[in-house]
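Okay, here's what each chain looks like letter by letter:
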Amino acid sequence: HSAIQQPGFVRVKRGYKPLKVENLVKNIQPHRDPTDPYFPFQWYLKNTGQNGGKAKLDLNVEAAWAQGVTGKNITTAIMDDGVDYMHPDLKYNYNARASYDFSSNDPFPYPRYTDDWFN
């Protein structure tokens, strides 16, 4: 029979502190960006706002790099499909025993290409 306008509430996440390399790593050493010629195109690793994107919206990998994590001796396990695990960047670190493709129920997440492109 009646409608009443209710006031809105401002919600604030409690205890939120933005991730900064300085907050995560003690005695941080200055680092250089990787020398990979494609690094500037990998916005998800270090987003500086390239191509009009929102700066700092990335994977925040600089904290890992500052701790000396480089990927050497790392095993890649993939829980998905549609990944070319034979690509030169992955094939030597890919572990089929630690991976699973739920689409085809096997440890190999290679894309399934069909006539209708259903994957």
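As shown above, the structure is provided for reference.
Let us look at the structure shown here. All of these numbers come straight from a predicted model, not from anything done at the bench.

**Describing the packing of aromatic side chains**
Reasoning step 1: In this structure the tally under the stated criterion is two aromatic pairs.
Reasoning step 2: Ring plane angle 50° and centroid distance 6.0 Å describe the contact between F39 and W65, whose orientation is recorded as tilted. Within this pair, whereas F39 is found in the loop between α1 (21-24) and α2 (62-66), its partner W65 is found in helix α2, the two being separated by 26 residues in sequence.
Reasoning step 3: Ring geometry for W43 and Y44: centres 5.7 Å apart, planes at 80°, overall edge-to-face.
Reasoning step 4: Assessed through its relative accessible area of 45%, W43 is described here as partly exposed.

**Structural notes on a nonpolar patch on the surface**
Reasoning step 1: A contiguous nonpolar surface patch, about 340 Å² in accessible area, is contributed by W43, Y44 and L59.
Reasoning step 2: Considering the arrangement of structural elements, one finds Y44 in the loop between α1 and α2.
Reasoning step 3: Looking at Y44, the relative accessible area reads 37%, which means it is partly exposed.

**Section: the environment of F108**
Reasoning step 1: Here F108 lies in the segment after α2.
Reasoning step 2: Overall, the relative accessible area of 38% leaves F108 in the partly exposed class.
Reasoning step 3: Spatially, the C-alpha atom of F108 lies 9.9 Å from that of Y94, the residues being 14 residues apart in sequence.
Reasoning step 4: Sequence-distant contacts of F108, defined by excluding residues within four places in its chain, comprise Y85, Y94, A96 and D101.

The rules behind the values
Residues numbered from 1 in each chain as written. Predicted model: local features only at pLDDT ≥ 70, side-chain atom pairs only at ≥ 80, totals over all residues. Heavy atoms only, no water. Phe/Tyr/Trp six-rings, centres within 6.5 Å; stacked < 30°, edge-to-face > 60°. Helix = DSSP H or I, 4+ residues; strand = E, 2+ residues; numbered from the N terminus. Buried < 20%, exposed > 50% of the residue type's maximum accessible area, 1.4 Å probe, protein only. Patch = residues over 30% accessible without salt bridge, like charges linked within 9 Å, V, L, I, M, F, W, Y side chains within 5 Å. Areas by Shrake-Rupley, 256 points an atom, 1.4 Å probe, with all protein chains shown as cover. Salt bridge = Lys/Arg side-chain N within 4 Å of Asp/Glu carboxyl O. Contact = heavy atoms within 4.5 Å.

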